[in-house]
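Now for the letters of each chain:
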Amino acid sequence: MKIKITADSTCDLSRELIEQNDITITPLTVTCDGKSYLDGVEIDPETMFEITESTGGIAATAAVNIHAYTDTFSELLKEYDAIVHFTISSAMSACYQNACIAAEELGNVYVVDSQNLSTGIGHLVLDACELAREGISAEDIKKTLDERKKKLDVSFVLSTLEYLRRGGRCTTVAALGANLLKLRPCIGVSNGTMGVGKKYRGNIRDCLVQYVKDKLSAPETVDPRRVFITDSGFDEETRSIVEKAVRECVPFEEVIHTRAGCTVSCHCGPGCLGILFYRKA
């Protein structure tokens, strides 16, 4: 049985990983300064930040619509027996609902609500590719990943609250106070939604190292197979410092660096970084 793995652009996998695993990506729409672009196709985070910084505005993202899903799935089903598709959490976007409507119309499309975002989805997508290569059926891939997604540990530390303020998710007073005090909030995903966790204070590099130590403080509970270090714009030295801290805590078999796409970036702004991994239970 020939299985195709597909995912929304919110999975934040690198172009190299997408090509290596023959993953088809369905792009969300990003709107900047009144113009709409396909995420990762017609716009990237750098360009998005240039527009928002020059205009003082914000970017917004919109779900993949039913028509786009139907077109993509129907074309792929000409070559593949079945499709397993991964979406951003249904609590964060209409992508899941739209993909399910398209899947029901076509048949042989199995949609997984990741209940996550960014490379939290990426973990599930790469695992699905491995299972497909092993000859596992589409239905069983979905069942396996619906269980495995419960073990994901996904969080990010923000350098600034400015983009949350622009998007109305944080007051001007709160953002100003956080910036003056150099507070760096940790945003975590739980049960498909985002919430604020620990607030770090001080130099961003020191905050990121402490964040890594906090998240990986119980290495015996961590699945050492793979970890993503995903950021929305940091220099290589900072990335290296974070990776060193990660490796000192847990001997992961794979440490993969990726750049956050427009969906995470437009809400969190530049200078956002997270480590994303599985817990053992």
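Residues numbered from 1 in each chain as written. Predicted model: local features only at pLDDT ≥ 70, side-chain atom pairs only at ≥ 80, totals over all residues. Heavy atoms only, no water.

Right, let's talk about unusual backbone geometry for a bit. Backbone geometry at N108 places phi at a positive 60°, although glycine is not the residue there. Of note, the phi angle at N191 is positive, near 55°, even though the residue is not glycine. Relative to the assigned elements, N191 resides in the loop between β9 (183–190) and β10 (193–201). The class of N191 is exposed, set by a relative accessible area of 72%. (Helix = DSSP H or I, 4+ residues; strand = E, 2+ residues; numbered from the N terminus. Buried < 20%, exposed > 50% of the residue type's maximum accessible area, 1.4 Å probe, protein only.)

It is worth spelling out the packing of helix α5 (residues 119–133) against helix α6 (residues 138–148) at this point. Working note: a packed helix pair is described by the angle between its axes plus the distance between those axes. Between α5 and α6, the least distance of the axes is 10 Å, while the angle of their chain directions is 145°. Considering only the axes of α5 and α6, their crossing is right-handed. When α5 is examined against α6, the residues L124, D127, A128, L131 and A132 are found in contact with a partner set consisting of I141, T144, L145 and R148. Of the residues in the contact of α5 with α6, the class split is six nonpolar, one polar and two charged. (Axes fitted to C-alpha atoms, helices over the stretch in contact; angles between N-to-C directions. Left-handed = near helix turned anticlockwise from the far one by under 90°. Contact = heavy atoms within 4.5 Å. Nonpolar A, V, L, I, M, F, W, Y, C, P; charged D, E, K, R; others polar.)

This brings us to the sheet that holds strand β5 (residues 60–62). The three strands lie next to each other as β4-β3-β5, forming an open sheet whose pairing is antiparallel. Looking at strand neighbours, the two that pair on one side only are β4 (35–38) and β5, the edges of this open sheet. Taken over all neighbouring pairs, the strand axes of this sheet differ in orientation by 30° on average, direction set aside. Across four bridges, strand β3 (residues 29–32) lies against β4 in antiparallel orientation. Paired with T29 across the bridge in β4 is L38. (Pairing = 2+ DSSP bridges.)

Time to look at α6. Every buried residue of α6 is listed here: A138, I141, L145 and D146. The arc that holds the buried residues of α6, viewed along the axis, is 130°, so those residues lie on one side. If you follow the buried residues of α6, they end up packed against β1 (3–8), β6 (82–87), β7 (109–113), α5 and β13 (272–279). (Arc of directions from axis to C-beta.)

Let us look at the pairing of β9. Where strand β8 (residues 152–158) meets β9, three bridges bridge the pair, whose relative direction is antiparallel. Paired with F156 across the strands is I187, a residue of β9. Note that β9 and β10 share seven bridges and pair antiparallel. Across the sheet, residue R184 finds its bridge partner in β10, namely Y200.

Considering all chains together, one arrives at three aromatic pairs under this definition. When the centroid spacing of 6.4 Å and the interplanar angle of 55° are considered together, the rings of F252 and F277 count as tilted. One end of the pair, F252, is in the loop between α10 (236–249) and β12 (254–259); the other, F277, is in strand β13, and 25 residues separate them in sequence. Summarising the burial analysis for this pair, F252 and F277 share the class buried. K2 extends its terminal NZ or CZ atom over the ring of Y80, reaching a point 5.0 Å from the ring centre. (Phe/Tyr/Trp six-rings, centres within 6.5 Å; stacked < 30°, edge-to-face > 60°. Lys NZ or Arg CZ within 6 Å of the ring centre and 35° of its normal.)

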